[in-house]
2 protein chains.
Amino acid sequence: MPSAGAAEEPVETSGSVRRGRPGYDQETVLRRAIEVFNRQGYDATSMGDLARELGLTKSAIYHHVPSKEHLLASALDEALDALSSTVTAIAATHEQPAQARLRAALRTSVEILADHLPAVTLLLRARGNSEVEQAALDRRRAIDDALAELVRDAVREGSLRTDIEPELISRLLFGMVNSSIEWFHPDGAVDASQLADAITGIAFDGLSTR
Amino acid sequence: MPSAGAAEEPVETSGSVRRGRPGYDQETVLRRAIEVFNRQGYDATSMGDLARELGLTKSAIYHHVPSKEHLLASALDEALDALSSTVTAIAATHEQPAQARLRAALRTSVEILADHLPAVTLLLRARGNSEVEQAALDRRRAIDDALAELVRDAVREGSLRTDIEPELISRLLFGMVNSSIEWFHPDGAVDASQLADAITGIAFDGLSTR
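Residues numbered from 1 in each chain as written. Chains lettered and ligands numbered in written order. Predicted model: local features only at pLDDT ≥ 70, side-chain atom pairs only at ≥ 80, totals over all residues. Heavy atoms only, no water.

**Focus: the overall build of chain A**
Part 1 of the argument: Across its full length, chain A holds 9 helices and 2 strands.
Part 2 of the argument: Within chain A, contacts between residues separated by at least 24 positions form 61% of all contacts whose residues are at least 6 apart in sequence.
Part 3 of the argument: Element-wise, carbon and sulfur atoms account for 51% of the exposed surface of chain A, whose accessible area totals about 10200 Å². (Helix = DSSP H or I, 4+ residues; strand = E, 2+ residues; numbered from the N terminus. Contact = heavy atoms within 4.5 Å. Areas by Shrake-Rupley, 256 points an atom, 1.4 Å probe, with all protein chains shown as cover.)

In structure tokens:
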């Protein structure tokens, strides 16, 4: 017996009046929208493009989503909520030495990137071209500031070299993490754990054997 | 005395017939176009947008550029010519040990990124949404392959750790370089040489003091 909440996948609405108009739950619409935004760019995507992707008419899509901005905001919040809840939590934990916390922050960033790849990709490509993107960039900056503070702590405790500015270290380490969106795939040859091992290995110990 | 080739900056065309229509040399049009592409996205930019940016009418801009694609191709070629002429040249020089050549390739990549920042930014954001972008991604892949081969050489000569796949090392190191486009500015607090020092310092020696 189909339950009222079982709209996990696109389903045909059963009433004959709406025959041929697929019914989508919010989550599916959001996933497909993020995919299209990443493929052709948010600014270059119209509600008409999204409707076509979902097999809906241009007017029917408004039954599912109030606006393109609403979808963007939901996607960016998904990435930012994940990043701020875990990364800043680690940064705020003062029980471990700062280098261990920085190591954990790098690993967690990689895990979030892998678990929320499309949403994180959209976030990292946001240029601030609208209020929604500006608000997301403000939240992202707060997370980046917390991570930079963590690097400063690690330099202060004496566990990181001092000849590179903490701010620059932070940018390069999380830049290395973020650049993975260009090639990382959940089913690819490298999994999140191997990626995190490689990044922390390079970051803390470097590659040289001599 | 103004020479015929002195069209470095926008100048008013002197003839009364063309009064009020600014004359631009190809180079200036290209610089301004790259700026607009980076700001609002190539796909979301129309020839009308470019005309407005240059203070030209929609028909007058075709006097300066045959098409939007032509500008994109010129910009991507600028970045790719710089990268392939120097980076692959270093990769092909077998006089030095591979680690020294990899170090030089990283430094040169940073210098090219700094010297051609807008064009490199456009290249790194290209998604392959047109034949022009596809061709650029093919050329970029060939450069990336040469760099990955250089990393493999360094692992083979025994100067780099072997517990991280050479392919992954290459992606992470040049990902760290490329991620700098998100914050690097030619007049910023960090110059290209400091950036290259920091990247090679982290890459080869790591950050840990203990």
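**Notes on helix 1 (residues 26-40) of chain A**
Residue and element names in this part refer to chain A.
Part 1 of the argument: If you check helix 1, its first and last C-alpha atoms are 21 Å apart, about what 15 residues at 1.5 Å a residue would give, namely 21 Å.
Part 2 of the argument: Every buried residue of helix 1 is accounted for by Thr 28, Val 29, Leu 30, Ala 33, Ile 34, Val 36, Phe 37 and Asn 38.
Part 3 of the argument: Contacts made by the buried residues of helix 1 are with helix 2 (47-54), helix 3 (61-64), helix 4 (68-92) and helix 6 (117-125). (Expected span 1.5 Å × (residues − 1). Buried < 20%, exposed > 50% of the residue type's maximum accessible area, 1.4 Å probe, protein only.)

**Details of the relation of the copies chain A and chain B**
Part 1 of the argument: Laying chain A over chain B is done by rotating through 180° and shifting 0.0 Å along the axis; what remains is an RMSD of 0.0 Å. In symmetry terms, the pair is related by a two-fold rotation axis. Among all residues of chain A, the minimum C-alpha distance to the rotation axis is found for Gly 206 of chain A, at 1.8 Å.
Part 2 of the argument: Here 100% of the contact residues of chain A are again contact residues in chain B; the copies associate through an equivalent surface. (Least-squares fit on C-alpha atoms with pLDDT ≥ 70 in both.)

**Looking at the interface of chain A and chain B**
Part 1 of the argument: On the side of chain B, 41 residues touch chain A, which itself brings 41 residues to the contact.
Part 2 of the argument: Summed over both partners, the interface of chain A with chain B comes to about 3600 Å²; 58% of that surface belongs to carbon and sulfur atoms.
Part 3 of the argument: By the criterion of area lost to chain B, the three top residues of chain A are Arg 161, Leu 172 and Leu 207 of chain A, representing 19% of everything that side buries.
Part 4 of the argument: Taken together, the links from chain A to chain B amount to 2 salt bridges.
Part 5 of the argument: Here Arg 127 of chain A ties to Glu 182 of chain B by a salt bridge, and the two come within 2.9 Å at their closest N and O atoms.
Part 6 of the argument: Run the count over chain A and chain B and you get 22 residue pairs in polar contact (both at pLDDT 80 or more). (Buried area = accessible area lost by both parts, 1.4 Å probe. Salt bridge = Lys/Arg side-chain N within 4 Å of Asp/Glu carboxyl O. Polar contact = N/O pair within 3.5 Å; in protein donor to acceptor, adjacent residues only side chain to side chain.)

**Quick notes on the UniProt feature "DNA-binding region" (unreviewed entry) in chain A**
Part 1 of the argument: Sites flagged by UniProt as "DNA-binding region" (unreviewed entry) map to residues 46-65 of chain A.
Part 2 of the argument: Helix makes up 60% of residues 46-65 of chain A and strand 0%, and the two end C-alpha atoms of the span are 13 Å apart. (UniProt positions renumbered as here; feature names shortened; annotations may be inferred.)

**Here we look at the layout of surface pockets**
Part 1 of the argument: Considered as a void within the structure, the second largest pocket measures approximately 330 Å³ in volume.
Part 2 of the argument: Looking at the second largest pocket, it is lined by 16 residues, and the ones nearest its centre are Glu 165 and Leu 168 of chain A together with Ala 189, Val 190 and Gln 194 of chain B.
Part 3 of the argument: Elements represented by at least two residues in the lining of the second largest pocket include exactly helix 8 (166-178) of chain A together with helix 9 (192-205) of chain B.
Part 4 of the argument: A breakdown of the residues in the lining of the second largest pocket according to their chemical character gives 7 nonpolar, 3 polar and 6 charged. (1 Å grid on protein atoms, 1.4 Å probe; cavity = no way out; pocket = protein on both sides within 12 Å on 5 of 7 lines; lining within 4 Å. Points joined across faces, edges and corners; volume = space filled by probe spheres on them. Nonpolar A, V, L, I, M, F, W, Y, C, P; charged D, E, K, R; others polar.)

**Here we look at the environment of Gln 40 of chain A**
Residue and element names in this part refer to chain A.
Part 1 of the argument: Turning to its location among the elements, Gln 40 is positioned in helix 1.
Part 2 of the argument: Its relative accessible area of 25% is what places Gln 40 among the partly exposed residues.
Part 3 of the argument: One polar contact links Gln 40 to Asp 49, side chain to side chain, over a distance of 2.9 Å.

**Some details on the packing of helix 1 (residues 26-40) of chain B against helix 4 (residues 68-92) of chain B**
Residues and elements named next belong to chain B.
Part 1 of the argument: One way to put it is that helix 1 packs onto helix 4 with a least axis distance of 10 Å and a crossing angle of 90°. As far as their axial angle goes, helix 4 and helix 1 are roughly perpendicular. Residue-level inspection shows Val 29, Leu 30, Arg 31, Ala 33, Ile 34 and Phe 37 of helix 1 in contact with helix 4, the latter providing Lys 68, Leu 71, Leu 72, Ser 74, Ala 75 and Glu 78.
Part 2 of the argument: Looking at the contact of helix 1 with helix 4, its residues break down into 8 nonpolar, 1 polar and 3 charged. (Axes fitted to C-alpha atoms, helices over the stretch in contact; angles between N-to-C directions. Parallel < 35°, antiparallel > 145°, perpendicular 65-115°, else oblique.)

**Re the side chain of Thr 108 of chain A**
All names here are of chain A.
Part 1 of the argument: Within the secondary structure, Thr 108 is located in helix 5 (residues 98-115).
Part 2 of the argument: Within polar-contact distance, the side chain of Thr 108 engages the backbone oxygen of Ala 104 at 2.7 Å.
Part 3 of the argument: Non-local contacts of Thr 108, meaning those with residues more than four positions away in its chain, are made with Thr 86 and Ile 90.

**What about the pattern of salt bridges?**
Part 1 of the argument: What the rule picks out here adds up to 30 salt bridges over all chains.
Part 2 of the argument: Residues Glu 78 of chain B and Arg 31 of chain B are paired through a salt bridge, measuring 2.7 Å at the closest nitrogen-oxygen approach. Highlighted residues: Glu 78 of chain B in helix 4 and Arg 31 of chain B in helix 1, separated in sequence by 47 residues.
Part 3 of the argument: A relative accessible area of 18% means that Glu 78 of chain B is categorised as buried.
Part 4 of the argument: On the basis of relative accessible area, Arg 31 of chain B is assigned to the partly exposed category, the value being 32%.
Part 5 of the argument: A single network of salt bridges, built from pairs that share partners, joins Glu 149, Arg 152, Asp 153 and Arg 156 of chain A.

**Regarding the packing of aromatic side chains**
Part 1 of the argument: Tallied over the full model, the rule gives 4 aromatic pairs over all chains.
Part 2 of the argument: Geometrically, the ring pair formed by Phe 37 of chain A and Tyr 42 of chain A is edge-to-face, given 4.8 Å between the ring centres and 75° between the ring planes. Tyr 42 of chain A shares its class with Phe 37 of chain A; the two are buried.
Part 3 of the argument: A centroid spacing of 6.2 Å and a plane angle of 70° characterise the contact between Trp 183 of chain B and Phe 184 of chain B, whose relative ring orientation is edge-to-face.
Part 4 of the argument: What makes Trp 183 of chain B buried here is its relative accessible area of 15%.
Part 5 of the argument: For Phe 184 of chain B, a relative accessible area of 3% translates into the label buried.
Part 6 of the argument: Sitting above the plane of the Tyr 42 of chain A ring, Lys 68 of chain A keeps its charged end 4.1 Å from the centroid. (Phe/Tyr/Trp six-rings, centres within 6.5 Å; stacked < 30°, edge-to-face > 60°. Lys NZ or Arg CZ within 6 Å of the ring centre and 35° of its normal.)

**Some thoughts on helix 2 (residues 47-54) of chain B**
Part 1 of the argument: Burial within helix 2 of chain B is extensive, with 6 of its 8 residues counted as buried.
Part 2 of the argument: Within two residues after helix 2 of chain B, Gly 55 of chain B carries a phi angle of roughly 70°, on the positive side.

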